[in-house]
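Okay, here's what each chain looks like letter by letter:
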Amino acid sequence: MGEQLQAMTEPTATKAFAPFEWMLSLRYLRARRREGFISVIAGFSFLGIMLGVATLIIVMAVMNGFRKELLDKILGLNGHILVQPLDSPLTDYDQVAQRISQIQGVTLAVPIVEGEALASSPFKASGVLVRGIRGDDLARLGSIAQNVTQGTLEGFDQGQGVVIGGRLAEQLSLRAGDSITLVSPRGAVTPMGTMPRVKPYKIAATFQIGMSEYDSAFVFMPLAEAQAYFNRDKDVTFIEVYVDRPDDVDRYARLITEAAKRPVFMVDWRRRNRVFFSALQVERNVMFVILTLIVLVAALNIVSGLIMLVKDKSADIAIMRTMGATQGAILRIFVITGASIGVVGTLIGFLAGTVVCLNIERIRQFLAWVFHADIFPKEVYFLSKLPAEMSVGETTAVVLVSLALSLLATLYPAWRAARLDPVDALRYE
C-alpha cells in the first residue's frame, strides 16, 4: 500500500503537470450527477469564451474590411494629395504635373477641372460632380478603367462623350450610347446676368466601383470640354497626386512643394477624410473593449465555477494532501481544470471566427435570402458587399488576451485549494 501511494505522489513532487494531475483535472471536468450545477457553470464559461473570441475576431475583421475597402475606393478615385494653386490660376498645370510625376514614389499626377451640375434625362434628374480629365489619365485610374461596365474609354479625348457611374445611369434610366443633359449655373455672361449652361452629351461608358456614393454622383468629361463648359481660362481646379505609400504623405508633400516651383496649397487624404476615418478608428477601439468584456465575464464564470468545485472537493483535496500530494500539485490540478475551459473555448472560438470571416459574404446572402431583407443596403454603407479583412496581429492579440484572462481566472481558486488545511476539511466528514 505504501509503495502504491509513493508511486502516485512521487511524480507530483518531482515533475510539474504530471499524468496524475492531468487525470484528476480531466476527471473534475466530467462532473457527476450531484455536481451538475458546476458542470452547467463550466459549460456557460466555455460558451462565453468561445462566442466572445469568435465575435471579437469577426467584428475586428469586418471593421478592418470596411477601412480597407473605403480607403481603396476613396483614395483610388480622389488621390492621396490635392495640389491647389495660390496667388495665380493653375494655367501651367501641364509642366507642374510633369515635374511632380517625376518624383520617385509618385505614380500619377492628374490635372482636374471640377464643378457641380445637374444631370437629367427625359425621366429623372440628379445632382452630380463633374470632373474634367485627360483621356490618358482616366485610362490610368484603375478604379475607373478596371470597372467599366458598359461602353469603352477609347477615344475619350476626341469627342464630347462623358463617363458616368453605373448607379447614376440606373437612376436616370440611361445606358452607354444614350444622351445625358448637364445643367450648370456657371454659363454664359449676358447683360441680364449669368445664364445657366445646358448641354447634352453622349454617354461613352459607365463604371461601377462598388461605392454607391461615387457610382451615383461622378461624371467624367474630357479636360478641354470641361474647361469650356465651366468657363475656365485654360487652367485647372487642382492636381491630384497618387503615391505608392499613402501613409508617408508628409515626405511627399515636401518633395511636391519643391517640384511645383510655384506657390501651392496641399491637402492630403488624412485631412480630407479625418473625421470619417477617426470615427471609424474610435468605433473599432470601443467595439474591441466592449467585446473583450464578454470574454472577461466568461472568465469570471470560471472563477465562480472553480470556487464551487474546490468547496465540493475539499474532502478529496484533504485526502490527497494526507496521502502526500504537495500544495503545488493541488494548485496545478485546479489550474489545469479551469484553463482547459478557456483554452478549448478560445481555440474553437478562433476557428469559428475564421470560418465566418472567410465566408461572410455568403453568410450575408444566405441570411438575406432567409429573411427576405437587404441586410447590407448599398445606400447606407456605400459598399456593394460585406468586407472582412483578418489582421494577424489583431487576431493574435484576441487569442492571447483570452488565454491570459482564462489563466488568471484559475489562479485564485487554485490557490485557495492549495492552501486548504486537511485537518479542517476532514473535521466534519
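Residues numbered from 1 in each chain as written. Predicted model: local features only at pLDDT ≥ 70, side-chain atom pairs only at ≥ 80, totals over all residues. Heavy atoms only, no water.

Asks: Which residues make up the environment of phenylalanine 156, and what are the values?
Replies: Relative to the helices and strands, phenylalanine 156 resides in the loop between strand E4 (148-151) and strand E5 (162-165). For phenylalanine 156, a relative accessible area of 5% puts it in the buried group. Spatially, the C-alpha atom of phenylalanine 156 lies 8.9 Å from that of leucine 138, the residues being 18 residues apart in sequence. Every residue in contact with phenylalanine 156, bar those within four places of it in the chain, is listed here: Ile133, Gly135, Leu138, Gly161, Val162, Val163, Phe220, Met221 and Pro222. (Helix = DSSP H or I, 4+ residues; strand = E, 2+ residues; numbered from the N terminus. Buried < 20%, exposed > 50% of the residue type's maximum accessible area, 1.4 Å probe, protein only. Contact = heavy atoms within 4.5 Å.)

Asks: Let's hear about helix H15 (residues 360-371): which residues, and what values?
Replies: For H15, with 12 residues, the first-to-last C-alpha span of 16 Å sits near the 16 Å given by 1.5 Å per residue. All of the buried residues along H15 are Ile360, Glu361, Arg364 and Ala368. In a view along the axis of H15, the buried residues occupy a sector of 100°, so they form one face of it. Across from the buried face of H15, at angles greater than 90 degrees, the exposed residues are Arg362 and Trp369. (Expected span 1.5 Å × (residues − 1). Arc of directions from axis to C-beta.)

Asks: Summarise the packing of aromatic side chains; cite the residues concerned and give the values.
Replies: The description of two aromatic rings rests on the distance between their centres and on the angle between their planes. One pass over the structure, following the stated rule, counts 7 aromatic pairs. Judged by centre distance (5.0 Å) and plane angle (90°), the ring pair of tyrosine 229 and phenylalanine 230 falls under edge-to-face. Three or more aromatic residues joined by ring pairs form one cluster here, namely Phe207, Tyr214, Phe218 and Phe220. (Phe/Tyr/Trp six-rings, centres within 6.5 Å; stacked < 30°, edge-to-face > 60°.)

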